[in-house]
Amino acid sequence: MKLKEDFFHRDCLEVAPDLIGKVLVRVLDDASEIRVRITETESYRGEEDTACHASKGRTPRTEILYGDSGKIYVYLCYGIHWLMNVVTGENEFPQAVLFRCGERFNGPAKLTKALEIDKSFNGESFIENERIWIEDDGYVAKIKTAPRVGINYATEEYRVKQWRFIDKNLK
DNA sequence: TTAGTGATATCC
DNA sequence: GATATCACTAAA
């Protein structure tokens, strides 16, 4: 069953753990299909979250975070790596969930590389998309939380937040 | 531990 | 126009 907009139209702190165990389906240009179970996500929530890209205000890049839930936010990190997020929650409230890790893949950039994600996906949606979507196959994950990683620039208050979600059954 | 890489934001 | 920054990876 494909996830609909309802699923994404909630607070990212609800969506992120719910995405654990879901299946990310990607159809490549040659029509081959890749299915990856999501094992790790992180929430980035609001302008007051100093780890969130939107914390410095609304810019052309972060504009999408203020937009419709279910949209894909892809951005280039360190000049090499594409990281993929999905926008969640209400319009005008910038928040997103980062896909950090999937089954067989450790690391957000390996994930996007394997799935051949690039900036052409930025602004696309997971809802009613022919190239990429997310399915619920009934698998129920055991969720464990942890502090987010790679956000040393954030303030102490937000560095310690347990906004990283991992499937305890794997790892 | 460090180099590589390039879009973005921020400073002229 | 210039430069500092960055939610990473691979090689050593």
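All of these numbers come straight from a predicted model, not from anything done at the bench.

All right, on to the overall build of chain A then. Each helix and strand counted, chain A has four helices and eight strands in total. Secondary structure elements in chain A, listed N-terminal to C-terminal, are α-α-β-β-β-β-β-α-β-β-α-β. Here chain A has a C-alpha radius of gyration of 15 Å; the compact-globule value for 171 residues is 16 Å, and the two agree. The C-alpha extent of chain A, read off along each of the three principal axes, is 40 × 35 × 35 Å. Buried residues in chain A amount to 51% of all 171 residues. Of all intrachain contacts in chain A linking residues separated by at least 6 positions in sequence, the fraction that spans at least 24 positions is 61%. Of the charged side chains in chain A, 26 are positive and 29 negative; the average position of the first set lies 6 Å away from that of the second.

Right, let's talk about the protein's contact with DNA strand C for a bit. With respect to spatial proximity, 19 residues lie near DNA strand C, and among them His53, His81, Asn85, Gly150 and Tyr153 are the closest. Here a base oxygen of DNA strand C sits 2.5 Å away from a polar atom, N or O, in the side chain of His81. The contact in question runs from a phosphate oxygen of DNA strand C to an N or O atom on the backbone of Ala109, over 3.3 Å. Taken together, the residues that form the surface near DNA strand C break down as 12 nonpolar, five polar and two charged.

This part covers the environment of Arg26. Tracing the backbone shows Arg26 in strand S1 (residues 23-27). Spatially, the C-alpha atoms of Arg26 and Asn129 are 9.9 Å apart, while their sequence positions differ by 103 residues. For Arg26, the contacting residues outside a window of four places in its chain are Ser32, Glu33, Ile34, Leu115, Glu116, Ile117, Phe121, Arg131 and Ile132. Separated by 2.6 Å, the side chain of Arg26 and the backbone oxygen of Leu115 make a polar contact.

Turning to the confidence of the model for chain A, a few remarks are in order. On average, residues of chain A score 94 in pLDDT, and 99% of them reach the 70 mark or higher. Within chain A, the lowest mean pLDDT, 92, falls on strand S5 (residues 95-102), and the highest, 97, falls on helix H2 (residues 12-19).

Our focus in this paragraph is the protein's contact with DNA strand B. Taken together, the neighbourhood of DNA strand B is formed by Lys56, Thr59, Arg61, Leu76, Tyr78, Gly79, Ile80 and His81. Restricting attention to atoms of DNA strand B within 4 Å of the protein, one finds that 59% of them are sugar or phosphate atoms. Between DNA strand B and Thr59 there is a distance of 2.3 Å, counted from a phosphate oxygen to a side-chain nitrogen or oxygen. At a separation of 2.7 Å, a base oxygen of DNA strand B approaches a polar backbone atom of Tyr78. Looking at side-chain class alone, the surface near DNA strand B contains three nonpolar, three polar and two charged residues.

Another point: the packing of aromatic side chains. Scanning the model with the defined rule gives five aromatic pairs in all. Centre to centre, the rings of Tyr73 and Tyr75 are 5.7 Å apart; their planes meet at 20 degrees, and the pair counts as stacked. Considering the side-chain rings of Phe99 and Phe126, the 5.7 Å spacing of their centres and the 65 degrees angle between planes classify their relative orientation as edge-to-face. Separated by 27 residues along the polypeptide, Phe99 in strand S5 and Phe126 in the loop between helix H3 (108-114) and strand S6 (132-135) bring together distant segments of the chain. One aromatic cluster is present, formed by Phe7, Phe8, Phe99 and Phe126 through successive ring pairs. Just above the ring of Phe7 sits the side chain of Arg10; from NZ or CZ to the centre is 4.9 Å.

Turning next to H2. Within the span of H2, buried status applies to Cys12, Val15, Ala16, Pro17 and Leu19. Regarding H2, its N-cap is Asp11, as a side-chain oxygen of that residue lies 2.9 Å from the backbone nitrogen of Leu13 further along.

Ranked by internal contacts, the top residues of the largest apolar core, which has 30 residues, are Phe8, Leu19, Met84, Phe99 and Phe126. Elements that contribute at least two residues to this core include exactly helix H1 (5-8), H2, strand S2 (33-45), strand S3 (72-77), strand S4 (81-87), S5 and S6. Of all the elements, H2 adds the most residues to this core, at four residues. Within the second largest apolar cluster, 17 residues are counted, among which are Ala51, Ile64, Leu65 and Cys77.

Conventions and cut-offs
Residue indices follow the written sequence of each chain, beginning from 1 at its first position. Whichever chain is written first is A, and whichever ligand is written first is 1; the rest continue in order. Owing to the predicted nature of the model, reporting of local features is limited to residues with pLDDT of at least 70; listing and counting of side-chain atom pairs is limited to 80 or more, with chain, interface and lining totals taken over all residues. Heavy atoms from the whole structure form the basis of all side-chain values; hydrogens and water molecules are not counted. Strands are runs of DSSP state E lasting at least 2 residues, helices are runs of H or I lasting at least 4, and numbering of each runs from the N terminus. Throughout, the radius of gyration refers to the C-alpha atoms, and the reference size of a globule is 2.2 Å times the residue count to the power 0.38. The buried label goes to any residue with under 20% of its type's maximum accessible area, the exposed label to any with over 50%, and the partly exposed label to all in between, with areas taken from a 1.4 Å probe on protein chains only. Working rule for contacts: check all heavy atoms of both residues, and any pair within 4.5 Å makes them a contact. Positive: Lys, Arg. Negative: Asp, Glu. His and the chain ends are not part of the count. To locate a charge, the coordinates of NZ of Lys, CZ of Arg, CG of Asp or CD of Glu are taken. In this text, near means that some heavy atom of the residue lies within 4 Å of the molecule or strand in question. Any pair of nitrogen or oxygen atoms within 3.5 Å is treated as a polar contact; in protein, a donor-acceptor pairing is required on top of that, and neighbouring residues in sequence qualify only through side-chain atoms on both sides. Lys, Arg, Asp and Glu make up the charged group, whereas Ala, Val, Leu, Ile, Met, Phe, Trp, Tyr, Cys and Pro make up the nonpolar group; the residues left over, Gly among them, are polar. A residue's pLDDT is the predictor's confidence in that residue, given on a scale from 0 to 100. When two rings of Phe, Tyr or Trp (its six-membered ring) have centres within 6.5 Å they constitute a pair, described as stacked for plane angles under 30 degrees, edge-to-face for angles over 60, and tilted for the intermediate range. To sit over a ring, a charge needs its Lys NZ or Arg CZ within 6 Å of the ring centre and within 35 degrees of the ring normal. The criterion is simple. A nonpolar core is a set of buried Ala, Val, Leu, Ile, Met, Phe, Trp, Tyr and Cys residues joined through side-chain atoms within 4.5 Å.

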